[in-house]
Amino acid sequence: MKLNCPSSVTRGDSATCSVSSAPTAATFSSWKFTDANNNTVTSGNTASSWSGMMVTGGTVSVNVSSGGQSSPLSATVSVTNRNWHTNPASPAQVPNGTFLVLPVPPAQSGSDSGLGAAAYRLTDTGFSITSIGDSGPNTGYSYYASPLNFSVSYYQYEINPDLENSNSTFSQHQTGTNGFISWSDLLAQTRRHEYNSTTQSHCASYSNSLGRNNPGDYFESRVAAPSTNLTTFNADTRSGINSRYDTITTDTSVEPYPVNYSEAGVPLGNVCYPPYTACP
Amino acid sequence: MRGRLVILTLLGSLVAVNQLDGSSNPSQFTLDLTTPVAENQQGRSDMPGGEANWRTGQSSNRFQLPLSVHILKSWADDTGNITVEILLRNTGDSSFDIPISRDISRVEQTASKSRSLFFLRAVPVYDQKLGSDSIGLGQTAGSLSIQDSLMRLKPGDCLRVLIPVTPADLKRSLPKNSDRVKIRIICEQWHLDDQRYFIASTSDQVLSVNSIVVGFQDGTDGRPRGKSGE
């Protein structure tokens, strides 16, 4: 005689636990589910099986009585996450002025080179929670039945049109001589700074931080035990997502090596800005 | 757990709290967020949308709340419901309009400028780190276009707020083999978009400068025991 439960089930799927090889006259009572935090669900179910939607793993137990003897049986079920991972957007170039107007010809402003810019946006449409009421092992638990939906997700960058144009006056002054960077290096490193590096770009910071602070993964795993105050739980979820957003923004804003440095942090020369009097 | 609810202790910083409280002139107004709110005033059951966005030159989109948060005391009533009393103080140089309406629905449903949701959450602390789930929540809303939904706190002004701690959530928050847990209060505000149910910006989270320990303790008389300030 054995209690059989699926060893694992994807969150939100149904599972059935059933007693096998029980004596013909056996009776079944005290069906119970216990999660890792000792939250319990009990049932008056008297059948040889107990089924329902599962959102959190734990131990299912039942008492089987036969011939004046009672046998407690138990089995564990684990719940696996749904793949709701929020993927980073691919970097896409947009025209100057789409989200920031880069000065043409380029001009430095503080530490900003004026040669490139980047932006990202990740907009979710909100969410609601679902409570389970199927009298199964996880009845009373609440979870998010649908993924966090994003209406906007992009990573964009702009490159100063004077830098992209090899014939511009600005580009012609990036000679690679007398301590100044070459035009080809400057264009390449500006692209590297904004998006074209897996280590030293805003895009890398964005992508890596999104991986570490993933709103989709966090949202997927949120499960409320029975009798949890769902207003509080939802507010915590929203706050948790917001915190991840903020961390991603903070991480993305960290400056990679400047546009006149290599990906390895080697200075490649100064940038020659208008009016070009200090450079060739 | 056969438990009786007892507010156990406050931490050492209570002294500082009382000194601070006694030397100020806090408002006599107490915002009681422990009483039930009519269902049609509780706001939407779904959470508003939100977003992360950044562009070159920005560091963070969050705004700062000019508030400090102190836990003054807490107690449990005969039915086991716990109340935490909090003192909010405007620590900024200018006035701050704090949302005080409990009619969340009205603010959410009324498109207007400067509408926001305001939260005070009681969060357990484990090994000096905040837990992920709150065990108590006080929520208000406010808007410039809804009369009496905002209270102006001048620099230095205080507001007392009462929030509930949910016994069931408290019980779940207890560390293994422990009948008590330390909690702190997190204060934050969400500015809603003028037209849609969407979070336009969020504040930094302000953490209470002190904490309190709450928990269950076996008892025989059925009444909550203990008091704050122990």
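Look above for the structure.
Q: Explain the side chain of A:Asp124 here, please?
A: Looking at the element boundaries, A:Asp124 is found in strand β10 (residues 116-124). From its side chain, A:Asp124 meets the backbone nitrogen of A:Gly126 in a polar contact 2.9 Å long. At 2.5 Å, the side chain of A:Asp124 forms a polar contact with the side chain of A:Tyr245. A:Asp124 has contacts with A:Leu148, A:Asn149, A:Phe150, A:Arg238, A:Ile241, A:Tyr245, B:Pro48, B:Gly49, B:Gly50 and B:Phe198, leaving out every residue within four places of it along the chain.

Q: Explanation requested: the packing of aromatic side chains in the structure shown.
A: Each aromatic ring pair is described using two quantities: the centre-to-centre distance and the angle formed by the ring planes. Counted according to the given criterion, the structure contains 13 aromatic pairs over all chains. Here the aromatic rings of A:Tyr257 and A:Tyr261 are separated by 6.5 Å at their centres, their planes lie at 15°, and the arrangement is stacked. With a relative accessible area of 34%, A:Tyr257 lands in the partly exposed category. The interplanar angle of 45° and the centroid separation of 4.3 Å between the aromatic rings of B:Phe119 and B:Trp190 together place this pair among those described as tilted. With a gap of 71 residues between them, B:Phe119 in strand β7 (residues 116-126) and B:Trp190 in strand β12 (residues 180-192) connect regions that are remote in the sequence. A residue is classified by how much of its surface remains accessible, and B:Phe119, at 2% relative accessible area, is buried.

Q: Quick question: what am I supposed to make of the sheet that holds strand β2 (residues 8-10) of chain A here?
A: The strands that make up a sheet are held in pairs by hydrogen bonds between backbone atoms, and each pair lies either parallel or antiparallel. All names here are of chain A. Strand order in the open sheet formed by five strands is β2-β8-β7-β4-β5, with mixed pairing between adjacent strands. Whereas interior strands pair on both sides, the edge strands pair on one side only; in this sheet they are β2 and β5 (40-43). For this sheet, the mean angle separating the axes of adjacent strands, direction not counted, is 25°. Two elements, strand β7 (residues 58-66) and strand β8 (residues 69-80), share nine bridges in a ladder whose sense is antiparallel. Across the sheet, asparagine 63 pairs through a bridge with proline 72, a residue of β8.

Q: Before we go on, may I ask you to explain the environment of A:Ile181 in this structure?
A: All names here are of chain A. Take isoleucine 181: it is sitting in the loop between α2 (169-172) and α3 (183-194). Taking the C-alpha atoms as reference, isoleucine 181 lies 5.5 Å from asparagine 270; in sequence the two are 89 residues apart. Residues within four places of isoleucine 181 in sequence aside, it is in contact with Gln174, Thr175, Gly176, Leu186, Val259, Asn260, Leu268, Gly269, Asn270 and Val271.

Q: What exactly am I supposed to notice about the sheet that holds strand β6 (residues 49-53) of chain A here?
A: All names here are of chain A. Spatial ordering of the open sheet is given by β1-β3-β6, a layout of three strands whose pairing is antiparallel. Sheet topology places β1 (2-4) and β6 at the edges, where each strand pairs with a single neighbour. Sheet twist, expressed as the average angle between the axes of neighbouring strands with direction ignored, equals 10°. Bridging between strand β3 (residues 14-20) and β6 involves five bridges; their strand directions are antiparallel. Residue pairing for β6: serine 18 is matched across the bridge by serine 49.

Q: Quick question: what am I supposed to make of the state of the cysteines here?
A: Cysteine pairs can be linked by a disulfide, which is a covalent bond between their two sulfur atoms. All names here are of chain A. For the coordinates displayed, the defined rule picks out two disulfides over all chains. With a sulfur-sulfur separation of 2.0 Å, cysteine 5 is cross-linked through a disulfide to cysteine 17. Because the torsion about its S-S bond is 125°, the bridge between cysteine 5 and cysteine 17 counts as right-handed. Of the two residues, cysteine 5 is situated in the loop between β1 and β2 and cysteine 17 in strand β3; the sequence distance between them amounts to 12 residues.

Q: What's the story with the pattern of salt bridges in this structure? I'm lost.
A: Side-chain pairs of opposite charge can arise whenever the charged atoms involved come near each other. All names here are of chain B. Taken as a whole and judged by the stated rule, the model has 17 salt bridges over all chains. As a salt-bridge pair, glutamate 85 and arginine 160 come within 3.0 Å of each other at their nearest N and O atoms. Of this pair, glutamate 85 sits in strand β5 (residues 82-90) while arginine 160 is found in strand β11 (residues 158-165), placing the two residues 75 residues apart along the sequence. Owing to a relative accessible area of 18%, arginine 160 belongs among the buried residues under this scheme.

Cut-offs and rules
- Residues numbered from 1 in each chain as written.
- Chains lettered and ligands numbered in written order.
- Predicted model: local features only at pLDDT ≥ 70, side-chain atom pairs only at ≥ 80, totals over all residues.
- Heavy atoms only, no water.
- Helix = DSSP H or I, 4+ residues; strand = E, 2+ residues; numbered from the N terminus.
- Polar contact = N/O pair within 3.5 Å; in protein donor to acceptor, adjacent residues only side chain to side chain.
- Contact = heavy atoms within 4.5 Å.
- Phe/Tyr/Trp six-rings, centres within 6.5 Å; stacked < 30°, edge-to-face > 60°.
- Buried < 20%, exposed > 50% of the residue type's maximum accessible area, 1.4 Å probe, protein only.
- Pairing = 2+ DSSP bridges.
- Axes fitted to C-alpha atoms, helices over the stretch in contact; angles between N-to-C directions.
- Disulfide = S-S within 2.5 Å.
- Salt bridge = Lys/Arg side-chain N within 4 Å of Asp/Glu carboxyl O.

Keep in mind that these numbers describe shape and distance, not what the molecule does.
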